Amino acid sequence: MTKIVFDLGATNTRVARVADGAIGEVLKVLTPENRDGWPAHLLGLINQVSGEGAEEIVGGVAGIREREALAGAFPGARIYNDALMSGLGEAIYGAGKNEEVVGYIGLGTGIGTSRISGKKVGTMGFEAGHHIVDFIKQESWEKQVSGRV
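This section reports on the structure supplied with the text. (Residues numbered from 1 in each chain as written. Predicted model: local features only at pLDDT ≥ 70, side-chain atom pairs only at ≥ 80, totals over all residues. Heavy atoms only, no water.)

## Structural notes on the side chain of D134
Thinking step 1. Tracing the sequence through the fold places D134 in strand β10 (residues 132-134).
Thinking step 2. Among buried charged residues, D134 stands out as having no salt bridge; its nearest opposite-charge side chain is K137, 4.6 Å away.
Thinking step 3. A distance of 3.3 Å separates the side chain of D134 from the side chain of Q144, its partner in a polar contact.
Thinking step 4. Look past the residues within four positions of D134 in its chain and what remains in contact with it is E139 and Q144. (Helix = DSSP H or I, 4+ residues; strand = E, 2+ residues; numbered from the N terminus. Buried < 20%, exposed > 50% of the residue type's maximum accessible area, 1.4 Å probe, protein only. Lys, Arg positive; Asp, Glu negative; His and termini not counted. Salt bridge = Lys/Arg side-chain N within 4 Å of Asp/Glu carboxyl O. Polar contact = N/O pair within 3.5 Å; in protein donor to acceptor, adjacent residues only side chain to side chain. Contact = heavy atoms within 4.5 Å.)

## A word on a nonpolar patch on the surface
Thinking step 1. A cluster of nonpolar side chains, I105, L107 and V145, forms an exposed patch at the surface whose accessible area comes to about 310 Å².
Thinking step 2. Within the element layout of this structure, V145 appears in helix α4 (residues 141-145).
Thinking step 3. With relative accessibility at 47%, the residue V145 sits in the partly exposed group. (Patch = residues over 30% accessible without salt bridge, like charges linked within 9 Å, V, L, I, M, F, W, Y side chains within 5 Å. Areas by Shrake-Rupley, 256 points an atom, 1.4 Å probe, with all protein chains shown as cover.)

## Regarding unusual backbone geometry
Thinking step 1. Of note, K119 is a non-glycine position whose phi angle comes to about 65°, a positive value.
Thinking step 2. Tracing the backbone through its elements, the reader meets K119 in the loop between β8 (111-117) and β9 (120-121).
Thinking step 3. On the basis of relative accessible area, K119 is assigned to the partly exposed category, the value being 30%.
Thinking step 4. Phi at Q138 is positive, roughly 55°, even though this residue is not glycine.

## Digging into the pairing of strand β7 (residues 101-107)
Thinking step 1. In terms of strand pairing, β7 meets β8 through seven bridges, oriented antiparallel. Counted as the bridge partner of G103 is R115 from β8.
Thinking step 2. Here β7 folds back onto β8, and the loop between the two strands holds three residues. (Pairing = 2+ DSSP bridges.)

## Here's the deal with the pattern of salt bridges
Thinking step 1. A complete count under the given rule lists four salt bridges for this structure.
Thinking step 2. Of the charged contacts in the structure, one is a salt bridge between R14 and D7, with a shortest N-O distance of 3.9 Å.
Thinking step 3. Put simply, E56 and R78 hold a salt bridge, and the shortest N to O gap is 2.6 Å. With E56 in strand β5 (residues 56-61) and R78 in strand β6 (residues 78-81), the pair connects residues that are 22 residues apart, well separated along the chain.
Thinking step 4. For E56, a relative accessible area of 16% translates into the label buried.

Right under this line is the structure:
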């Protein structure tokens, strides 16, 4: 089965073709600042790597609004929270492959977190980056340490 996989981040977008379990060359480009243009941006990249087509499109994106917009633009695609996908990858193939419960923290343009139990993605709501850590300024952890200006 041939798949197109993607990670649509606030700074970079990565898209690759996966065939027979092997990931091909990863196309990495800057993500447009205008989030309304993300579906067209992603479609162009998918077309670049799809070759003879793909049976499935699977990917991760940070924002809830953005996931909904992409799901509407790509019916049938499986689109998840990017931190959940990263945490699941670590739980199955990475540092947590021998652990029952894995916590994941991704530091980048924002802060993404996930909790994986039994090699399965749990429910949303483990958004540690949104927790207030400076009560005087009422600033979240993400506001204080992420790459956002």
